[in-house]
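The lines below spell out each chain.
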Amino acid sequence: MTDQPVYNPAEIEPKWQARWEADGLYHADIKPKKPKHYAITILHYHYGDLHIGHWYAMTPSDARARFMRMRGYNVMFPMGFDAFGLPAENAAIKRGIHPKEWTYANIELMRKQLKSMGTMIDWRREAISSDPKYYRWTQWFFTQLHKNGLAYRKMAPVDWCPNCNTTLAREQVWGEDRHCERCGTPVIKKDLEQWFFRTTQYAEELLDFSHLDWPERVRILQTNWIGRSEGAIVTFRTEQGDALDVFTTRPDTLWGATFMVLAPEHPLVEKITSSEHKDIVHAYVQQTLRQSDIQRETVEREKTGVFTGGYAINPVNGERIPVWIADYVLMTYGTGAIMGVPAHDQRDFEFARKFGIEVLVVIQPPELPPLDGATMSEAVPAYGTMVNSGVLSGTPGDIAFDRAIEYVERIGAGRRSVNYRLRDWLISRQRYWGAPIPIVYCATHGAVDVPDDQLPVLLPDDVEWLPTGESPLKLHPTWKHTTCPICGGPAERETDTMDTFMCSSWYHLRYLSPDYDKYPFDPVEYDYWMPVDTYTGGIEHATMHLIYTRFFHKACRDMGIVKGPEPMLQLRNQGIVLGEDSEKMSKSRGNVVAPDHLVNRYGADTVRAYLMFFARWDMGGPWNSNGIEGTARWVRRTWNLITEPYNPGAPTEESVRNLRRKVHQTLRRVTRDFETFEFNTIVSSLMELLNDMYKAREMGVAGTPAWDEALDIYLRMMAPVTPHIAEELWAFLGKPYSVHTQSWPVVDEVAAADEIITLVVQVNGKVRDRILVPADISDDRAKQAALESPIVQKHLKGAPPRHVILVPGKLVNIVT
RNA sequence: GCCGAAGUGGCGGAACAGGCAGACGCGCACGACUCAAAAUCGUGUUCCCUCGGGAGUGUGGGUUCGAUUCCCACCUUCGGCACCA
C-alpha cells in the first residue's frame, strides 16, 4: 500500500507539458499520405488575463482536435493573437505605457495560461497581427483589393464613436440606441472621407451556404444581416424633368402611389423644392441632421415630414403626385426615395393620414370585404387582385408582382431589381494601434498604393497621445511626410489605420507559414492544409468576423490568391459561461471566475473536464463552483482505481462479459459524441464506465485480459479530455509513450451486443412490468412472454387483448 | 413589430430513428470509518398517496397502441434586427 503514488496535478501537469514541448509532440507538418485536419478556435482578442470563457472555448476544441488526431488525421491546431485595436491603445494611454509594450506583455501572459491548459497547440505556427512581418501582408492584401477595385475611398456620413474617437463599421454599431460595440457609447454621424471594401459586391454569393456545415443560427443571422429584397426600380420624373428612382418590393401597388418621399439628404431635394417651401424644407433638413446626432431612442416614432412644393409623374398612369421629404426614408437604403402607397403600406398609411393625403386602394385581397381608402383604419399589405390599375386591373395576386414588373419594363420605366441591407465595409480607423493603410496622397496622382517592395508601412514607435483624442499618427511631426511612388514629388501618407477585423480576416492563412516572406502564405502549406476543416468560436462573431472573412476569401479567390468557395467548412459555436449569479461575467460585477485559481486548486485536467461536463457546450450557462467537486472526484477515482493494488479474484464469466460490454458500448457513445461536439455526455459516459469498473473490480475482474483492455480503452478515451493524467497513468501501466499518439480504439460489436434485454411491458400505453428475455427472442415468443406476466394478467382481468404491439428489442404494448 | 433559440426534479443536465422520463454530476438525508472533523466509502433522493396505485417534461388542444420527441394555438425567458420601402 505504501508505494501507491498520490495524485498531484501540480507535479504531473507541468512535467508532461515540458516533455510534450521538448518532443515536439504537437508539431503539425505536412504528411502527404495522411488525411489532414485543420482546426482553429477563433483567435483571442488580447484583453489581458484569460477568463473561464476562453477556457470554455478552447478546451473542448482542443479535446476534439486530439480526438481527430487519434482517429488518424494529421491535425494542425494553431493559435495566435489579434493584437491591434482600440482597447490596447486605450489601456496604454490610461497606464501611460506604449500599446506595443502592453500588448506583448499580455500575449506573454496569455501564452503561459494557454500552455497551462495542456493544449495541443503547435506554437511554431503562432501569428501575431501586430508584428510587422504579419501586417506587411495585411497591407499587401489592402493593395490587392485596391488594385482590383474592391477598396475605394468616398465621402460619406459614417458612424463615429465619440469615446473611441474613430469611425466604426456598420457591423460594429449595435442595438436600438446604436452604440459602439466595444465601449457602449452611442455613435454619432460624421461626414468623412473614408476607405471602404466592396462587400456588397459579394452580397448574393454570401447568401449561399451550400458549401458550408455551419449552424443554422449563424446562417440565419447572416442572411438577415445581408437582407435581400426582390423588387423593382421604377423611374418617376419630376416636373423639372429629372429622373427620380425609387426601389419598391411591391411593384403591383404602383398605381396606388399618391405621394413620394425623399430622404432629407437626397440630392434632388434642393432642386425640387419650390421657392415658397424653401424655408420650411430647409428647417426640416437641418432638424433631421441635428436629430441623427441625438440618441434615436428618445425620438418619437410618429411620422414627421414636409411638402417640398414639387411634383412628380407616375410613369404607369401619368398621375401628378406631391413630393415630400421625411426622415423615415433613409438615404442609405435603396435609392433614398420611395413611392408612398398608403393603402398597402402601414408607414405610408400613417404618413398619409397625418398629412391628409389620399389613400387609394389598388389591391383587393379576395378573402376580404371590398376595401375603401376613405374609411380604412390601417394599411392592407396582403397580396390580392389588382384594381384601379389601368390595363393590369383584374390581375390575380399570385402573378401581380411579375406582371407589374413586366409592364414597367415594357414601357421603359424601370427594371427588376434586388436590394440588400448589407453595406460596404468601412475599414478606416482614426487610431494609432493598427495596420497603417498603405496609401500615399500626391497632389498630382491622387491616392497612390505604396509599392509592394516598400511594405510594410511601419508604425512609428515615437508617438505621444495628446488630450485632443486625435491619432498620434496624424500629429507625428515627420511620419506622414513622404514622396509619391509615381513622380517622386512631395506626398503625404494616409494616417488612418485599418479595422482590426481586416487583420483577423486572413489569420488562418498566416498560421500556415508565419515566417514566410515571399507571400502572405507558403503555397505548398496552403495546398495541403486549406480550407479550415473545423472552426469553433462564439456566436457574437456571426455578423462581423464571420462575414468579413468569407468576403475576404471570395475576393481573394477572384484575385487568384486563394482557391475554393469558402475558407472554413465546418463551424460550431460554444455558448457563454455566466457568473455564479447568472449574470454576464464582468469585473464591475465582481463575478469573474479566474481559471488560474481553479488550476492551482484542482489541476488543469479537472478544470478541462468540468468545462466539458457542466453544460451543453453550445448553450453555456451559469458557473457553479460546487459542481467542479464532482469532476475532481471522478479524476481522483480514476487515479485511485488504476494505481491501487488489487487482489486478483476469480471472476464469473458473466461479470467479465458485462465489463467488456460496458467498455465497448461506452466507446461507441464517446466516439459519436466527439463527432457531434456533445462534450458533456462524453464525460458522463466515462463516469458511468468508471463506476462499472469499480464494480467489476469488486467481482474480481481486475487482472484479467478484459480488465487490461478496459484500462487501455478507458485511458485512450480519457486522453483528449484530461491529457495529463491520461499520460501519467498510461506510463504507470508501462505502456509506450505517448498516449496521445495512440490510435482511437475500435468498437468490438460482438462484445458491445446485449445478450439479455429488458422488455418493457405496457398495458394501454402504461408501463406495468419489465421482463428479461434473450436479445434474439422471436416476435411471437416475446408477445407470449409479455402476456404471461402475472401483472399483465391482473390488468387484463381475463379479457383477451385487442391488439398486441411489439417493438422488437424494446417493448410490448397490450391494448384492451 | 419581424427573425431565431430555449422552457424537463432543489440545481446543471440525460433520454440521438415516436417506445422504460430524470442517465451522469451537484446538493440534501441517513449509515460506515473516526474521540471528533475533513476526506473516503455505502444507501436513498420527481411529486402525491389510503402502499394498491395516481400525477408528471411551460399552458391548452390534436395525431398515435404509445408524445419530452410530430402538428396547431398560446405563455415566459434569452439573443438578433428594426421606419429596410
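In short, a report on the structure. Owing to the predicted nature of the structure, the values given are computational and were not obtained by experimental measurement. (Residues numbered from 1 in each chain as written. Chains lettered and ligands numbered in written order. Predicted model: local features only at pLDDT ≥ 70, side-chain atom pairs only at ≥ 80, totals over all residues. Heavy atoms only, no water.)

1. As for the packing of helix H3 (residues 86-95) against helix H4 (residues 99-116)
It is at 8 Å that the axes of H3 and H4 come closest, and there the two elements cross at 110 degrees. By the criterion of interaxial angle, the relationship of H3 to H4 is roughly perpendicular. Classified by chirality, the crossing of H4 by H3 is right-handed. On the side of H3, the interface is formed by Pro-87, Ala-88, Glu-89, Ala-91, Ala-92 and Arg-95, while H4 contributes Pro-99, Trp-102 and Thr-103. (Axes fitted to C-alpha atoms, helices over the stretch in contact; angles between N-to-C directions. Helix = DSSP H or I, 4+ residues; strand = E, 2+ residues; numbered from the N terminus. Parallel < 35°, antiparallel > 145°, perpendicular 65-115°, else oblique. Left-handed = near helix turned anticlockwise from the far one by under 90°. Contact = heavy atoms within 4.5 Å.)

2. A word on the sheet that holds strand E28 (residues 568-574)
The strand order across the open sheet built from four strands is E3-E1-E27-E28, with neighbouring strands paired in parallel fashion. At either margin of the open sheet sits one strand with a lone partner, and together these are strand E3 (74-76) and E28. Sheet twist, expressed as the average angle between the axes of neighbouring strands with direction ignored, equals 20 degrees. For strand E27 (residues 532-538) and E28, the ladder comprises six bridges, and the chain directions are parallel. Bridge pairing in E28 places Thr-536 opposite Arg-572. Contacts between helix H2 (residues 52-70) and the sheet are confined to strand E1 (36-41), E3, E27 and E28, with E1 contributing the most and set at about 175 degrees to the helix. (Pairing = 2+ DSSP bridges.)

3. Section: the sheet that holds strand E23 (residues 446-449)
The four strands are arranged E23-E22-E25-E24 in an open sheet whose pairing can be described as antiparallel. Every interior strand has two partners, whereas the edge strands, E23 and strand E24 (481-483), have only one. The sheet shows a mean angle of 45 degrees between the axes of neighbouring strands, direction not considered. Pairing of E24 with strand E25 (residues 490-493), which is carried by three bridges, proceeds in the antiparallel orientation. Counted as the bridge partner of Thr-483 is Pro-490 from E25. Packing against the sheet, helix H5 (residues 132-147) makes contact with strand E22 (439-442) and E23, and its axis sits at approximately 125 degrees to E23.

4. A few points about the pattern of salt bridges
The final tally for this structure, using the stated rule, is 54 salt bridges. In the salt-bridge network here, residues are joined through shared partners; they are Glu-205, Arg-550, Lys-554, Arg-557, Asp-558 and Glu-566. (Salt bridge = Lys/Arg side-chain N within 4 Å of Asp/Glu carboxyl O.)

5. Quick look at the packing of helix H18 (residues 604-613) against helix H21 (residues 679-698)
Between H18 and H21, whose axes approach to 6 Å, the crossing angle comes to 115 degrees. Contacts between H18 and H21 involve Ala-609, Met-612 and Phe-613 on the former and, on the latter, Phe-679, Asn-680, Val-683, Ser-684 and Met-687. By residue class, the composition of the contact of H18 with H21 is six nonpolar, two polar and no charged. (Nonpolar A, V, L, I, M, F, W, Y, C, P; charged D, E, K, R; others polar.)

6. Here's the deal with the protein's contact with RNA strand B
Around RNA strand B there are 55 residues in total, and Arg-170, Arg-347, Phe-614, Arg-633 and Glu-678 lie nearest to it. Within 4 Å of the protein, the contacting atoms of RNA strand B are 63% sugar and phosphate, with bases supplying the remainder. A distance of 3.3 Å separates a sugar or linking oxygen of RNA strand B from a polar side-chain atom of Asn-224. Interatomic distance of 2.2 Å between a backbone N/O atom of Phe-614 and a sugar or linking oxygen of RNA strand B. A total of six residues in the surface near RNA strand B trace back to one element, the largest contributor, which is H21. The residue inventory of the surface near RNA strand B, partitioned by class, reads 19 nonpolar, 15 polar and 21 charged. (Near = heavy atom within 4 Å. Polar contact = N/O pair within 3.5 Å; in protein donor to acceptor, adjacent residues only side chain to side chain.)

7. Comments concerning the environment of Tyr-610
Its place among the elements puts Tyr-610 in helix H18. Given a relative accessible area of 3%, Tyr-610 falls into the buried group. Ignoring any residue separated from it by four or fewer positions in sequence, one finds Tyr-610 in contact with Trp-623, Asn-624, Gly-627, Ile-628 and Thr-631. A distance of 2.9 Å separates a polar atom in the side chain of Tyr-610 from the backbone oxygen of Asn-624. (Buried < 20%, exposed > 50% of the residue type's maximum accessible area, 1.4 Å probe, protein only.)

8. Some thoughts on unusual backbone geometry
Glycine aside, residues mostly have negative phi angles, and peptide bonds mostly take the trans form. A cis amide bond, omega -5 degrees, links Met-530 with the succeeding residue Pro-531. With respect to the secondary-structure elements, Pro-531 resides in the loop between helix H15 (523-529) and E27. Backbone torsion omega between Tyr-737 and Ser-738 reads 0 degrees, so that peptide bond is classified as cis. Following the sequence through the fold, Ser-738 ends up in the loop between helix H23 (723-732) and helix H24 (749-752).

9. Digging into H2
A rise of 1.5 Å per residue sets the reference length of H2, with its 19 residues, at 27 Å; its end C-alpha atoms lie 27 Å apart and thus fit the reference within 8%. Across the 19 residues of H2, 18 count as buried, placing the element largely inside the fold. Trailing H2 by a residue or two, Gly-72 shows a phi angle of about 105 degrees, which is positive. (Expected span 1.5 Å × (residues − 1).)

10. Observations regarding the environment of Pro-490
By the element assignment, Pro-490 lies in strand E25. Distance from Pro-490 to Arg-716, taken between C-alpha atoms, is 67 Å for residues 226 residues apart in sequence.

11. Looking at the side chain of Thr-143
Looking at the element boundaries, Thr-143 is found in helix H5. With a relative accessible area of 0%, Thr-143 lands in the buried category. In contact with Thr-143, not counting residues within four places along its chain, are Pro-438, Asp-449, Val-450, Asp-452 and Leu-455.

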